[in-house]
Amino acid sequence: MTALKPGLRLKSGVCSAEVMIVKGAGETSLTCGGVPMLGADESADGAAAVAAEMNGCLVGKRYVNEDQSLEVLCIKPGEGSLAADGAPLTVKQAKKLPSSD
Amino acid sequence: MNTAMLLQMAAEAGVGRFALTSAGRHYAAAELLAAAGGAAERIRASGCQFVSLLDVSSAATPVALFGAAMAGVPYAPLNYRLPADQIRALIARLDSLYLIADEDNCAAHRGDPGIGAALTSAQFLEAALAHPDPEPVWPDDPGIAVQLFTSGTTGPPKAAILRHEHLMSYILGSVEFMSAAEDEATLVSVPPYHIAGISALLSSIYAARRIVQLADFSAPAWLDLVEGEAVTSAFVVPTMLARIVEELEAGSGSRDLRTLRAIAYGGGHMPVSIIERALELFPTVDFTNAYGLTETSSTITLLGPEDHRQAMASDDEETRRRLGSVGQALPSVEIEIRDAGGEALAPGQRGEIYVRGPQVSGEYRERSAVDADGWFPTRDIGYLDADGYLHLGGRADDVIVRGGENISPAEIEEVLLTHPAVVDAAAVAVASEQWGEAVGVAVVLKSGASASADALQDLVRSRLRSSRVPEAVRFVDELPYNETGKLLRRDIKRWFA
């Protein structure tokens, strides 16, 4: 469990992925490849990735839980897929907007 | 959150691209990241609480913006066109300040109270490039990202505050990471102390669109850069577009502007006549109108390219009228029109524009203007049509109150601009014994054309209620605008005093 707050950066314990919390607060178990994600000064404990949760995450995509109370930005890509409290996060679909600046 | 993240992501993913072209030199995002990291170290070491750029835009602009973010202190760019005493008064509100300025301003202000460190833009950039930090670290959420002094057209400048969360919400909600094609280049000609100058840097860096800077706008210089740098998009304020249109219509020399695919405009009221001429001059260019305020982290509504084309081609009056609107709200932004008592108004009814969303700050150094439910009163007047297109009617402070009736200057100006002899017009309140206030208009005529005051009064009478007919008409050579295209109504009012 990690106390989430916007701006917090977490890294995967099983691949190169990193995320930044955009929205969401409180104690949440955020995992990548089925293994809890780590703070900047934590190191991986050698837990093995869950094969079914290695579908990748893409840099620049925003991932949300079902009720969109949690939103994370993938800031470095990796092979693991993201989940919160056991439920997979999905890519937040954004309307394509013309550039206005 | 920290906006420095945007640059780091671009630096890692944007290998092989340039992020910035300034004064003929190209910079990769990784180079800007390392330079900002180097700058952040020196800002931190100075102990200063603010970073200001007091200069035209250059490569020092993004380095200062992101360097301040990495150092965790607010970036507070200043208007270099202000008189020295006004600049000094603003510096006193930024204690203690890390000042980056052009040579003259650096010399003039290095001894001002509040200055912690002062260097020229060239010195700042040179040191940042010479002592880079390619792996900078920064605080996760340092709070305030940007402090901007509003232009103060209605009073002393207010210090508007934008937090990292507001700017990040705006960028993440409206820009797709690395979405620019490899050939894309955007021309940034708004000054660095304008919110559009800041959002342009953040948006284009995140989209991996090369930024081409124009330090000092003129229509010929703008057109030269479009041609010379194969520019594909640009943001302009209305006065800039008007000058570009005039320059092209005057037909000075042949130009190849075929690379240009998109023009976004905003930052002030765009006369429909200008946008119609621009659409004719650039038939293949996508036009986007953006409306936003400093306090809303830039754009909150958009009139997109398809809207422009539909409006131009339509015979339906309502659809056609959208060309004069600022479009619909961004997906993450809510808009409500309220009357003077704070009650929400129905479509078609004119009132004050309220806005809510994660990018909306509405906060000033002294106080927050946001209500308990998160709504920010913009002090702009407007109405929403049945499909949610927002039509602006000027600033609440500019509304003319004639015998208890509220009159928006924009209504009258739009009618005057349909007269073939009129190129520009402004309606302001003038003192009236009978009504308290009445309508006065200042009108600029096309050179060589003529129109009488009677003819203009008749035109307004034929299109609007009789209360809108100007009591005073004054013909002038030009209307007073500030450098970012804001009409200075206070100055016009004085003409009628």
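Calculation notes
- Residues numbered from 1 in each chain as written.
- Chains lettered and ligands numbered in written order.
- Predicted model: local features only at pLDDT ≥ 70, side-chain atom pairs only at ≥ 80, totals over all residues.
- Domains from an automatic or database assignment.
- Contact = placed C-beta atoms within 7 Å.
- Nonpolar A, V, L, I, M, F, W, Y, C, P; charged D, E, K, R; others polar.
- Helix = DSSP H or I, 4+ residues; strand = E, 2+ residues; numbered from the N terminus.
- Core = buried A, V, L, I, M, F, W, Y, C linked by C-beta atoms within 7 Å.
- Buried ≥ 20, exposed ≤ 12 C-beta atoms within 10 Å, placed from the backbone.
- Axes fitted to C-alpha atoms, helices over the stretch in contact; angles between N-to-C directions.
- Parallel < 35°, antiparallel > 145°, perpendicular 65-115°, else oblique.
- Pairing = 2+ DSSP bridges.

> Even after reading the chapter, I still don't get the domain arrangement of chain B, so can you show me in this structure?
Accessible area lost upon the coming together of the parts is a frequently used measure of interface size. All names here are of chain B. Under the domain assignment, chain B is made up of domain 1 (4–306), domain 2 (307–397) and domain 3 (399–496). The C-alpha-based centres of domain 1 and domain 2 are spaced at 25 Å. In this complex, domain 1 contributes 32 residues to the contact, which on the side of domain 2 involves 30 residues. A per-class count over the side of domain 1 that touches domain 2 returns 15 nonpolar, 13 polar and 4 charged.

> In this structure, what is going on with the environment of Thr3(B)? I would like to understand it.
Note that Thr3(B) resides in the segment before helix H1 (4–13). Taking the C-alpha atoms as reference points, Thr3(B) and Phe18(B), 15 residues apart in sequence, are found 19 Å from one another.

> Is there a simple way to think about the interface of chain A and chain B in this case?
Taken together, the contact pairs 19 residues of chain A with 31 residues of chain B. Going through the elements one at a time, strand S3 (18–23) and strand S8 (71–76) of chain A are the ones with two or more residues in the side of chain A that touches chain B. Grouping the constituent residues of the side of chain A that touches chain B by class yields 10 nonpolar, 4 polar and 5 charged.

> What should I look at first to understand the nonpolar core in this one?
Generally speaking, a soluble globular protein has its nonpolar side chains buried in company with each other. All names here are of chain B. Ranked by size, the top nonpolar core spans 160 residues in total, and within it Leu7, Val63 and Ala64 carry the most contacts. Mapping this core onto the domain boundaries places at least three of its residues in each of domain 1 (4–306) and domain 2 (307–397). If near-sequence neighbours (up to four positions away) are discounted, Val63 is found in contact with Leu32, Ala35, Ala36, Ala39, Leu125 and Ala128. Grouped together as the second largest cluster of nonpolar side chains are 23 residues, Ala426, Val439, Val443 and Val460 included.

> How do you make sense of the packing of helix H2 (residues 29–46) of chain B against helix H6 (residues 121–130) of chain B when you look at a structure like this?
What describes two packed helices is the angle between their axes and the distance between those same axes. Residues and elements named next belong to chain B. Two elements in contact, H2 and H6, have axes whose closest approach is 7 Å; the angle formed by their N-to-C orientations is 110 degrees. Comparing their axes, H6 and H2 come out roughly perpendicular. Note on element contacts: H6 touches H2 through Phe124, Ala127, Ala128 and Leu129, opposite Ala35, Gly38, Ala39 and Arg42. In terms of residue class, the contact of H2 with H6 is made up of 6 nonpolar, 1 polar and 1 charged.

> Any chance you could explain the pairing of strand S15 (residues 334–338) of chain B here in plain terms?
Residues in a regular strand point their side chains to alternate faces of the sheet. Residue and element names in this part refer to chain B. Alternating positions in S15 separate cleanly, Ile335 and Ile337 being buried on one face and Glu334, Glu336 and Arg338 remaining unburied on the opposite face. Relative to strand S16 (residues 351–356), S15 runs antiparallel, the two being bridged by 5 bridges. Bridging across to S16, Glu336 finds its partner in Tyr354.

> Would you explain the sheet that holds S16(B) in this entry?
Residues and elements named next belong to chain B. An order of S15-S16-S18-S19 is seen for the 4 strands of this open sheet, with the pairing classed as antiparallel. Every other strand in the sheet has two partners, leaving S15 and strand S19 (390–395) as the edge strands with one partner each. Taking each pair of neighbouring strands and ignoring which way they run, the sheet shows an average axis angle of 45 degrees. Note that S16 and strand S18 (residues 376–384) share 4 bridges and pair antiparallel. By the bridge assignment for S18, Glu352 is matched with Ile381.

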